[in-house]
Amino acid sequence: MTAYIVFIIIGLILDRLSKSYAINNFIENPYKGTLVNFTYLENRGAAFGILQDSRLFFIILTLVIVAALVYYFVKNYKKNHKILNIALAMIISGAIGNFYDRLFQGYVVDFIEFAFVKFPVFNIADIFVTLGSFLMIIYLIFFEESEKI
């Protein structure tokens, strides 16, 4: 379990450091690249900017989801497949990272943007949630049924 807690903490540290860097560097000087742009954005909604200015709703929703994920993780980590534990740790880390922003700033700092395609601006916490969700899908498709047999 310690390794997963360290993984969650590393994700939180990477998220906080990257957002701090974005605040200090990209507000006035956005970077425009050929693959990635670094553009500071204050997201007051959820993914893709939906449900703008629903801060209290997102705070409560995140608390409920993170509490459920942590409860499930702590209760089952010994019998869970390693991929599922990594997925849960990534989702928990990303959710807490964006929760921190919402709780203390009232918005989530986003700053990573693909230069070559129209796609919402995102951050490191979003990457953790997305990769964790992808790993969970892989687990559900390829591993869950084989463990029940």
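Residues numbered from 1 in each chain as written. Predicted model: local features only at pLDDT ≥ 70, side-chain atom pairs only at ≥ 80, totals over all residues. Heavy atoms only, no water.

Peer 1: So what about the pairing of strand β2 (residues 108-114)? Which residues, and what values?
Peer 2: With 6 of 7 residues buried, β2 lies mostly within the body of the structure. Here strand β1 (residues 36-43) pairs with β2 via 6 bridges, running antiparallel. Pairing of N43 across the sheet is with V108, part of β2. (Buried < 20%, exposed > 50% of the residue type's maximum accessible area, 1.4 Å probe, protein only. Helix = DSSP H or I, 4+ residues; strand = E, 2+ residues; numbered from the N terminus. Pairing = 2+ DSSP bridges.)

Peer 1: Break down the UniProt feature "active site" (unreviewed entry) in the chain for me, with residues and values.
Peer 2: UniProt's feature table lists "active site" (unreviewed entry) at D110 and D126, given in the numbering used throughout. In three dimensions, the annotated residues from a span of 17 residues occupy one location, with a maximal C-alpha spread of 8.9 Å. If you trace the backbone, D110 turns up in strand β2. As for its position among the elements, D126 is in helix α4 (residues 124-142). Looking at D126, the relative accessible area reads 22%, which means it is partly exposed. (UniProt positions renumbered as here; feature names shortened; annotations may be inferred.)

Peer 1: Give me the UniProt feature "transmembrane region" (unreviewed entry) in the chain: which residues, what numbers.
Peer 2: In the numbering used here, UniProt assigns the "transmembrane region" (unreviewed entry) feature to residues 56-74, 83-100 and 120-143. Taken as a whole, residues 56-74 contains 100% helix and 0% strand, while its terminal C-alpha atoms sit 27 Å from one another. Secondary structure content for residues 120-143 is 79% helix and 0% strand, while the C-alpha to C-alpha distance between its ends is 31 Å.

Peer 1: How would you summarise the packing of aromatic side chains if you had to cite specific residues and measurements?
Peer 2: Enumeration according to the criterion identifies 14 aromatic pairs in this entry. Taking 6.1 Å as the distance between ring centres and 45° as the angle between the ring planes, the aromatic pair formed by F7 and F128 counts as tilted. Taken together, the positions of F7 in helix α1 (residues 2-25) and F128 in helix α4 put the pair 121 residues apart, joining distant regions of the chain. By relative accessible area, F7 is classed as partly exposed at 30%. Overall, F128 belongs to the buried group, its relative accessible area being 11%. The interplanar angle of 10° and the centroid separation of 5.3 Å between the aromatic rings of F26 and F38 together place this pair among those described as stacked. Of this pair, F26 sits in the loop between α1 and β1 while F38 sits in strand β1, placing them 12 residues apart in sequence. Judged by relative accessible area, F26 falls into the buried class, the value being 10%. Assessed through its relative accessible area of 26%, F38 is described here as partly exposed. (Phe/Tyr/Trp six-rings, centres within 6.5 Å; stacked < 30°, edge-to-face > 60°.)

Peer 1: Any details on the packing of helix α2 (residues 55-76) against helix α3 (residues 82-105)? Residues and values, ideally.
Peer 2: The interhelical angle for the contact between α2 and α3, taken along N-to-C directions, is 155°, at an axis separation of 10 Å. In terms of their interaxial angle, α2 and α3 are classed as roughly antiparallel. Crossing handedness for the pair α2 and α3: left-handed. Every residue of α3 that contacts α2 at R55, F58, I59, T62, L63, V66, L69, V70, Y72 and F73 is listed here: L84, N85, L88, I91, I92, A95, I96, F99, R102, L103 and F104. (Axes fitted to C-alpha atoms, helices over the stretch in contact; angles between N-to-C directions. Parallel < 35°, antiparallel > 145°, perpendicular 65-115°, else oblique. Left-handed = near helix turned anticlockwise from the far one by under 90°. Contact = heavy atoms within 4.5 Å.)

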